[in-house]
Number of protein chains: 2
Amino acid sequence: MAQDKAAVRKILDKVKAEGRASLTAPEGKLVCDAYGIPVPKEGVAATAAEAVSLAAGMGFPVVLKIVSPDILHKTEAGGVLVGVKSAQDVEQGFATIMANARKYSASAKLQGVQVQQMLAGGQEVIVGAVTDPSFGKLVAFGLGGVLVEVLKDITFRLAPASREDALSMLDGIAAAEILKGVRGAEPVSREALANLIVGVSQLVSDFPEIAEMDLNPVFATRDGAIAADVRIVADWNPAPARHRPSEAEIVGAMNRIMKPDAVAVIGASAEDGKIGNSVMKNLINGGYQGKIYPINPSAAEIMGLKAYKSVKDIPGEVDVAVFAIPAKFVAQALVEVGEKKIPGAVLIPSGFAETGNVEGQQEIQEIGRKYNVRLMGPNIYGFYYTWKNLCATFCTSYDVKGHTALSSQSGGIGMAIIGFSRSAKMGVSAIVGLGNKSDLDEDDLLVFFEQDENTHIIAMHCEDLKDGRAFAEVAKRVSKKKPVVMLKAGRTSAGAKAASSHTGALAGNDKIYDDVLRQSGVIRAPGLRDMLDYARAIPLLATPKGENVVIITGAGGSGVLLSDACVDNGLKLMAMPADLDAAFRKFIPPFGAAGNPVDITGGEPPKTYQNTIRLGLEDPRIHALILGYWHTIITPPMVFAKLVVEVVEEMKAKGIQKPIVASLAGDVQVEEAAEYLYQHGIPAYAYSTEIPVAVLGAKYQWARGAGLI
Amino acid sequence: MAQDKAAVRKILDKVKAEGRASLTAPEGKLVCDAYGIPVPKEGVAATAAEAVSLAAGMGFPVVLKIVSPDILHKTEAGGVLVGVKSAQDVEQGFATIMANARKYSASAKLQGVQVQQMLAGGQEVIVGAVTDPSFGKLVAFGLGGVLVEVLKDITFRLAPASREDALSMLDGIAAAEILKGVRGAEPVSREALANLIVGVSQLVSDFPEIAEMDLNPVFATRDGAIAADVRIVADWNPAPARHRPSEAEIVGAMNRIMKPDAVAVIGASAEDGKIGNSVMKNLINGGYQGKIYPINPSAAEIMGLKAYKSVKDIPGEVDVAVFAIPAKFVAQALVEVGEKKIPGAVLIPSGFAETGNVEGQQEIQEIGRKYNVRLMGPNIYGFYYTWKNLCATFCTSYDVKGHTALSSQSGGIGMAIIGFSRSAKMGVSAIVGLGNKSDLDEDDLLVFFEQDENTHIIAMHCEDLKDGRAFAEVAKRVSKKKPVVMLKAGRTSAGAKAASSHTGALAGNDKIYDDVLRQSGVIRAPGLRDMLDYARAIPLLATPKGENVVIITGAGGSGVLLSDACVDNGLKLMAMPADLDAAFRKFIPPFGAAGNPVDITGGEPPKTYQNTIRLGLEDPRIHALILGYWHTIITPPMVFAKLVVEVVEEMKAKGIQKPIVASLAGDVQVEEAAEYLYQHGIPAYAYSTEIPVAVLGAKYQWARGAGLI
């Protein structure tokens with residue numbers, strides 16, 4: 001596609017020089033022309049005679065529109081006439097529009113009337129671009145008219161959007177079917193629409209001063225897509241980009257911070273109840289094997305360790321300094337940390353932006369930048385890195401090693417993460433508090449976890465992304481290797497209001513988050529418990545090799561609910577081939593139902609579960625199993641749990657691994673059975689048909705996003 | 001509204017006499033006229049000249065349509081011309097349509113061309129009626145065009161619909177806002193649309209042989225609503241209505257069955273592992289105080305009780321007979337039960353319709369009807385009625401008394417109910433298995449539970465409703481007194497397919513279930529765990545007196561997630577009045593956030609929770625509280641739990657009761673605290689911000705449906 005940047009630059013310079021923010025329609029058309037964005041034939045007439053001549057040249061009917069830099073809402077001003085059919089009507093129409101515009105605003109500068117080729121037929125769509133404070137340039141697509149305005153049926157992608165992104169947008173709206181042609185209408189050209197979307201996204205990326213752009217309506221037909229109306233608004237003073245160190249710098253600093261060989265505790269204390277005491281206890285009792293340097297101006301020794309007045313007095317290198325001192329002393333201590341060339345500061349203290357002390361937070365940010373010290377927090381519980389036995393926190397300790405890394409923006413949610421993890425015996429690699437995110441952000445963590453050999457999955461709670469664009473870029477890459485789950489709080493306007501009241505974070509439009517997270521391969525958890533359930537189950541599940549899911553159930557009733565849950569979670573129930581159906585039927589009673597779900601019926605012995613599950617694992621056409629167990633005397637819960645584990649182990653020995661989840665319906669003994677299954681790598685849940693399917697759905701979502709199926 | 005039943009009867013009789021199922025357009029118009037449903041002026045022309053004369057009479061433009069009983073899809077046949085503007089065009093159009101129709105079907109009987117006043121402008125909507133096998137006549141409403149066809153944005157109500165029902169339909173579609181006028185369009189007349197909906201619903205109710213009716217499009221404007229096209233299809237052999245005993249008969253029989261003074265166990269056995277032995281053990285060991293009569297032809301005594309050869313040999317009255325014999329012996333034993341005049345048979349045996357033995361099931365149904373014996377099942381686990389210490393089941397016993405009644409269609413789900421109840425220490429009044437529902441259905445249970453003094457809430461799992469209309473009628477009344485929760489399995493097409501494979505139940509369109517359940521005041525649970533959570537929490541929550549919900553939280557992060565959950569669950573966060581805001585501020589640190597959520601911040605002592613919760617309960621403008629607790633050393637979990645219970649008790653003593661739920665974020669100790677709160681009547685959940693709000697939302701949904709707020 002032709003991209004005449006010089007032409008656009010010239011127009012924008014002129015608009016800026018004239019002190020305007022909005023481009024006129026003809027200017028907008030020229031910008032579109034420069035980027036190969038199709039617009040109708042048109043011209044501006046200063047007189048009625050000129051209008052008639054222009055219209056004759058492009059053919060009737062035409063549209064007439066007032067041209068004035070002072071009239072933005074032309075329809076309101078009576079400045080638009082559509083379907084003008086003859087020379088005589090054009091002549092009259094010119095006069096009418098000029099008169100209306102004058103009546104609307106006596107002071108408006110009227111430059112004439114635009115005569116435009118009238119587009120008719122085709123599907124009306126909207127293509128636009130916006131500038132989001134966190135994500136930057138985004139391109140938007142929706143259907144015209146009430147669908148966008150009433151049903152908010154619109155979708156966003158980061159700009160510049162690839163052709164693939166653009167095509168995904170056409171399927172990304174609820175009413176996508178309309179574009180394929182319904183009620184006898186012809187399908188629209190997907191290629192032409194995608195080109196137009198890519199063009200708009202490239203334009204706003206090349207010219208950051210274009211703050212907003214609206215092509216509304218665009219007429220899409222079988223043959224093309226033409227933007228009937230163009231609106232472009234510039235912002236001549238865009239916000240400066242956020243500072244971002246290079247990825248090599250991030251990795252270098254983060255590896256020292258998260259896996260330190262030496263930790264300083266600023267404000268270390270021997271006094272029970274002090275935060276500096278809790279941190280010391282967690283470090284020592286947690287079994288951390290690196291050097292620990294207590295910093296306290298008035299103590300020679302703390303908990304058996306030599307204390308120092310300042311980090312600058314420490315003889316050796318220090319990787320990270322944990323701050324356990326009041327906010328007002330942080331800046332000075334941070335300067336010393338900088339002078340000591342410690343790469344990271346864990347700022348537990350509160351009393352910064354979250355309490356209105358924005359200046360205090362800016363001060364420490366500036367110190368961090370000056371000395372190249374990365375800041376975690378302030379206003380956090382600290383962090384855990386279990387593989388180093390490191391609890392750099394004042395909260396309860398946590399030491400169950402595993403491969404799940406978690407982070408939270410809020411301390412309360414961090415505590416819920418620890419409680420859930422301990423209760424569920426969930427192994428973790430790291431738990432990190434991000435709090436006010438004065439510096440370290442989710443994207444920094446992602447860059448670290450990407451290359452951290454102990455982390456296989458990353459789950460994050462956040463209320464905002466300070467730099468959504470950086471996050472999306474990193475997540476898109478990382479999520480191809482390791483699943484990334486996000487709980488985005490403040491989804492709703494009420495939630496967003498609560499978020500801004502407690503962190504000062506500007507919650508973005510949730511639809512933007514939703515689309516960009518999906519575009520980046522991130523699995524979005526609908527709630528806190530879901531995030532925790534996903535974080536626990538996903539690493540245990542084998543990656544599916546295809547979309548064919550089969551339900552094997554003892555309880556027909558569970559089979560129905562599990563099928564519902566499959567639809568809810570985007571899973572595809574395999575259409576059972578005849579030979580496989582026959583093979584299953586061999587194992588189940590004649591009145592059982594094969595097909596999918598495979599209903600083995602309730603009264604069956606362990607052998608029936610065993611045979612059908614083995615078949616489900618052995619047949620290569622099946623890619624994932626959902627088990628529905630029904631508690632009976634013939635096959636008690638633990639018998640079921642053990643036989644499942646046996647079959648799975650037997651298959652694993654043969655090199656067969658498929659994701660399996662289980663729903664257990666029965667008396668309380670099923671809780672022990674679910675626990676046993678979970679401890680043996682099979683996510684299992686008592687009294688729920690929804691959660692097992694939801695975690696399998698999350699695994700599938702990841703595998704699809706990573707291009708593995 | 002005029003309702004000329006005789007006119008409609010005459011038309012229908014004629015159509016039937018002619019062996020047709022579809023009405024012609026003119027017939028449809030006459031039917032509409034008879035019920036005051038506005039239609040355009042029109043007439044049928046046999047010749048082109050007649051067409052011109054008709055058109056001139058009603059004014060141009062007009063629509064021309066072929067009239068033929070053999071052509072249903074007129075557009076496909078080239079039999080429709082719209083916007084015909086002059087006499088000359090009408091003359092030509094007549095010829096074109098007749099020629100097209102002849103080409104489409106050489107054998108079709110062509111009766112002429114309908115000339116119709118052309119409607120333009122206004123909003124296109126659709127009003128229709130369908131006949132559902134379970135719910136009977138339903139009236140439907142949606143927006144015209146792609147909105148209904150692509151987005152399935154349509155809503156149903158039972159016919160006849162009241163004016164209130166009809167008005168609720170206008171707000172019951174996603175695109176409801178369009179009717180209020182968007183983009184400068186005028187709002188439509190709600191009154192006219194409601195009248196039209198009521199008219200259609202009355203018509204199909206008065207004439208059950210009208211199987212389907214479509215008014216599509218209806219043009220709705222500021223002044224009225226006119227149906228431009230009418231399609232009516234009759235079914236001359238509608239299915240006969242299901243037999244329903246009178247409510248007095250239901251109550252009489254159900255009270256004896258559910259609260260029996262004497263139980264016979266047919267197939268009672270002394271042999272371990274037999275179903276008849278499990279039932280005997282459960283009755284005796286469960287502590288049932290009524291008479292127990294074992295029936296066994298080859299034993300004199302079972303478990304210390306005198307055995308009988310047949311129920312007919314029992315000296316006294318018997319209220320219910322529990323069947324624990326193979327399917328093939330059921331019919332004969334049932335006849336004896338009938339002859340003994342026992343009002344209820346609990347049919348545990350499987351081997352009936354669910355295994356394909358439809359005749360066997362019909363046979364017992366007929367016996368039941370003949371002898372007036374109500375049948376529970378077959379293919380069930382039986383039932384529990386705790387207040388009689390009655391476990392008439394072969395499954396594990398259950399004896400925790402409470403006020404929640406539960407039922408399930410499936411045995412597996414029944415076992416999950418028992419397991420969850422025991423694990424959660426949930427008191428229940430009854431648990432009932434309905435299985436194949438050969439006779440007793442959810443509506444019978446509702447009628448019983450309505451007047452059962454031990455039941456305060458009813459939760460039901462079902463895959464279909466055999467008689468959805470009867471259920472809806474009863475539920476509408478009962479739900480005003482006691483909350484009714486339903487888990488409708490087979491919501492999705494995959495789920496519905498699974499349902500039909502295992503019970504032969506025809507799963508209805510889920511949108512119909514959704515709308516009718518809401519119309520009936522039933523709270524629909526999205527999943528199994530939700531149903532169980534609702535069943536446990538709702539009876540504990542006081543009924544709110546208004547919509548003002550306030551969140552009080554120690555963790556700002558929980559506050560955001562709780563706010564999100566409020567929006568998701570239709571709860572309204574109170575806009576905090578200035579004086580109340582000031583009153584809260586007095587108790588919280590200066591950097592805490594008042595407003596709503598009230599963020600007391602994390603480091604606060606018990607007193608702060610206490611003061612703010614007390615204020616939340618005392619101020620009459622607040623109607624419900626959601627608490628977000630953050631585990632700290634200053635206010636440990638059990639300290640929090642106890643102080644909450646104290647404040648709640650203190651307020652209760654003053655006569656103040658409001659619904660309160662709690663979300664606990666913290667280490668594992670919060671589980672004990674949640675348990676303590678629950679045991680003291682406050683639904684509380686560890687590691688979840690969604691469930692507490694969902695159960696409060698369910699309580700609100702009930703209170704609104706029951707007209708209490």
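(A) Structural context of the overall build of chain A. Along the backbone of chain A there are 23 helices and 30 strands. Reported as C-alpha extents along the three principal axes, the dimensions of chain A are approximately 95 × 80 × 40 Å. Within chain A, contacts between residues at least 6 apart in sequence are counted, and of these 71% link residues at least 24 apart.

(B) Geometry of the packing of helix α6 (residues 163-170) of chain B against helix α7 (residues 190-206) of chain B. All names here are of chain B. Relative to each other, α6 and α7 sit at 120 degrees, their axes nearing to 9 Å. By the angle between their axes, α6 is oblique relative to α7. For the pair α6 and α7, the crossing hand works out as right-handed. Of the residues in α7, those in contact with R163, A166, L167, M169 and L170 of α6 are R190, L193, A194, I197 and V198. Here the contact of α6 with α7 is composed, by residue class, of eight nonpolar, no polar and two charged.

(C) Broad picture of the domain arrangement of chain A. Residues and elements named next belong to chain A. One can read the domain layout of chain A as domain 1 (5-117), domain 2 (123-234), domain 3 (245-379), domain 4 (400-540) and domain 5 (542-705). Just the C-alpha atoms count here: the centres of domain 3 and domain 4 sit 24 Å apart. Opposite the 19 residues of domain 3 that make contact, domain 4 presents 14 residues. Elements that contribute at least two residues to the side of domain 3 that touches domain 4 include exactly α8 (247-258), α11 (358-371) and β17 (374-376). With six residues, α8 is the largest single contributor of residues to the side of domain 3 that touches domain 4. Its residues assigned to classes, the side of domain 3 that touches domain 4 shows ten nonpolar, six polar and three charged.

(D) Region of the structure containing the relation of the copies chain A and chain B. Superposing chain A onto chain B requires a rotation of 180 degrees together with a translation of 0.1 Å along the rotation axis, leaving an RMSD of 0.1 Å. Here the transformation between the copies is reduced to the relation of a two-fold axis. Taken together, the interface assignments show that 100% of the residues at the interface of chain A recur at the interface of chain B, consistent with an identical surface on both copies.

(E) Structural detail: the interface of chain A and chain B. Taken together, the contact pairs 74 residues of chain A with 74 residues of chain B. Counting residues per element, the ones that place at least two in the side of chain A that touches chain B are α5 (146-149), α12 (411-423), α15 (493-503), α17 (528-537), α18 (556-568) and α22 (669-679) of chain A. Looking at the side of chain A that touches chain B residue by residue, the class counts come to 33 nonpolar, 29 polar and twelve charged.

(F) Quick look at the sheet that holds strand β1 (residues 42-45) of chain B. Residue and element names in this part refer to chain B. Across the sheet, four strands lie side by side as β1-β4-β2-β3; this open sheet has antiparallel pairing. Each edge of the open sheet carries a strand with a single partner, namely β1 and β3 (80-84). Taken pair by pair, the neighbouring strands of this sheet meet at an average axis angle of 20 degrees, ignoring direction. Relative to β3, strand β2 (residues 62-67) runs antiparallel, the two sharing three bridges.

(G) Up close: unusual backbone geometry. Between G377 of chain A and P378 of chain A the backbone carries a cis peptide bond, its omega angle lying at 5 degrees. Tracing the sequence through the fold places P378 of chain A in the loop between β17 and β18 (382-385). A cis amide bond links N216 of chain B with the next residue in sequence, P217 of chain B, at an omega value of 0 degrees. Assignment of secondary structure puts P217 of chain B in strand β8 (residues 210-220). Its identity is not glycine, yet M303 of chain A carries a phi of approximately 50 degrees, on the positive side. Structurally, M303 of chain A is set in the loop between β13 (301-302) and β14 (305-306). A positive phi angle, near 70 degrees, is found at T601 of chain A, a position not held by glycine. Position of T601 of chain A among the secondary structure elements: in the loop between β27 (598-599) and α20 (606-618).

(H) Quick peek at the environment of A470 of chain B. All names here are of chain B. One can find A470 in helix α14 (residues 468-478). A470 sits in the buried class, given 22 other C-beta atoms within 10 Å. Separated by 334 residues in sequence, A470 and G136 place their C-alpha atoms 9.9 Å apart. Not counting the four nearest positions on each side in its chain, A470 is found in contact with R244 and D443.

(I) Layout of the sheet that holds strand β1 (residues 42-45) of chain A. Residue and element names in this part refer to chain A. Strand order in this open sheet of four strands is β1-β4-β2-β3, and the pairing throughout is antiparallel. What marks the edges here is a single partner per strand, and that holds for β1 and β3 (80-84). On average, adjacent strands in this sheet sit at an angle of 20 degrees to one another, irrespective of strand direction. The pairing of strand β2 (residues 62-67) with strand β4 (residues 112-117) spans six bridges and is antiparallel. Of the residues in β4, the one forming a bridge with V63 is Q116.

(J) Spotlight on the environment of L390 of chain A. Residues and elements named next belong to chain A. Tracing the backbone through its elements, the reader meets L390 in strand β19 (residues 390-393). C-alpha separation for the pair L390 and M303, spaced 87 residues apart in sequence, amounts to 17 Å. In contact with L390, not counting residues within four places along its chain, are G286, Y288, Y384 and Y385.

(K) Just the packing of helix α1 (residues 5-17) of chain A against helix α2 (residues 25-34) of chain A, in detail. Residues and elements named next belong to chain A. It is the contact of α1 with α2, at a shortest axis distance of 9 Å, that shows an interaxial angle of 155 degrees. Considering their axes alone, α1 and α2 lie roughly antiparallel with respect to each other. Our pair here, α1 against α2, has a crossing hand that is left-handed. For the pair formed by α1 and α2, the contact residues are A7, V8, I11 and V15 on the first element and E27, L30, V31 and A34 on the second. The residue inventory of the contact of α1 with α2, partitioned by class, reads seven nonpolar, no polar and one charged.

(L) A look at the confidence of the model for chain A. Averaged over all residues, the pLDDT of chain A equals 93, while 98% of them reach at least 70. Interface confidence in the predicted complex, given as ipTM, is 0.90; pTM for the same model is 0.91.

(M) The arrangement of the pairing of strand β20 (residues 401-408) of chain B in detail. Residue and element names in this part refer to chain B. Taking burial as the measure, the eight residues of β20 include six buried ones, the bulk of the element. Two elements, β20 and strand β21 (residues 428-433), share six bridges in a ladder whose sense is parallel. Bridge pairing links T404 to V428 in β21. Chirality of the crossover, the property in question, places the unit of β20, helix α12 (residues 411-423) and β21 among those that are right-handed. Sheet topology note: the β20/strand β22 (residues 457-462) ladder contains five bridges and is parallel. Its bridge partner lying in β22, S407 is registered against M460.

(N) Structural detail: α7 of chain B. Here α7 of chain B contains 17 residues, and its C-alpha end-to-end distance of 24 Å stays within 8% of the 24 Å for a straight helix at 1.5 Å per residue. Along α7 of chain B, the residues that are buried comprise L193, A194, L196, I197, V198, G199, V200, S201, Q202, L203 and V204 of chain B.

(O) Region of interest: helix α21 (residues 637-653) of chain B. All names here are of chain B. Taking 1.5 Å of rise per residue, the 17 residues of α21 would be expected to cover 24 Å, and the 25 Å separating its terminal C-alpha atoms lies within 8% of that figure. All of the buried residues along α21 are P637, F640, A641, V644, V647 and V648. Taken down its axis, α21 places every buried residue within 135 degrees of arc, on the same side. Structural note: α21 exposes E649 and A653 on the side pointing more than 90 degrees away from its buried face. Immediately beyond the C-terminal end of α21, within one or two residues, lies G655, with a positive phi of roughly 85 degrees.

(P) The arrangement of the pairing of β2 of chain B in detail. Of all six residues in β2 of chain B, six are buried, a share of seventy percent or more. Residues of β2 of chain B alternate between two faces, with V62, L64 and I66 of chain B on one and V63, K65 and V67 of chain B on the opposite face, all of them buried.

(Q) Structural context of the environment of V560 of chain A. Residues and elements named next belong to chain A. Note on placement: V560 falls in helix α18. Using a count of 38 C-beta atoms within 10 Å as the deciding quantity, one classes V560 as buried. Expressed as a C-alpha distance, the spacing of V560 and V320, which sit 240 residues apart in the sequence, is 54 Å.

The rules behind the values
Residue positions are given per chain, counted from 1 along the sequence in the order it is written. Key to labels: chains lettered from A, ligands numbered from 1, both in the order written. In view of the model being predicted, local features appear only for residues whose pLDDT reaches at least 70, and side-chain atom pairs are presented and counted only at 80 or more, with totals across whole chains, interfaces and linings using the full set of residues. What counts as a helix is a DSSP run of H or I of at least four residues, what counts as a strand is a run of E of at least two, and both are numbered from the N terminus. Think of it this way: build a C-beta for each residue from its backbone, and any pair within 7 Å is a contact. A fitted line through C-alpha atoms serves as each axis, taken over the contacting stretch for helices, and the angle formed by two N-to-C directions is quoted from 0 to 180°. To sort the angles, those under 35 degrees are grouped as roughly parallel, those over 145 as roughly antiparallel, those from 65 to 115 as roughly perpendicular, and the leftovers as oblique. Crossing handedness follows the turn of the near helix against the far one: under a right angle anticlockwise gives a left-handed crossing, and clockwise gives a right-handed one. Residues are grouped as follows: Ala, Val, Leu, Ile, Met, Phe, Trp, Tyr, Cys and Pro are nonpolar; Asp, Glu, Lys and Arg are charged; all remaining types, including Gly, are polar. For the domain bounds, the source is a domain assignment made automatically or taken from a database. Least squares is used to superpose the copies, and the fit set is the C-alpha atoms of residues whose pLDDT is at least 70 in both copies. By definition, two strands form a pair when at least two bridges between them are found by DSSP. Exposure classification rests on a simple neighbour count of other C-beta atoms within 10 Å of a residue's own: a residue reaching 20 or more is buried, one at 12 or fewer is exposed, and one in between is partly exposed. C-beta atoms are placed from the backbone. Looking at any residue, its pLDDT shows the predictor's confidence there, from 0 to 100. Note on handedness: a crossover is taken as right-handed if, strands pointing away from the viewer, the path from the first strand over the helix to the second is clockwise. In this analysis, the expected span of each helix is defined as 1.5 Å times one less than the number of residues it contains. Note that the arc is computed from the directions linking the helix axis to the C-beta atoms.

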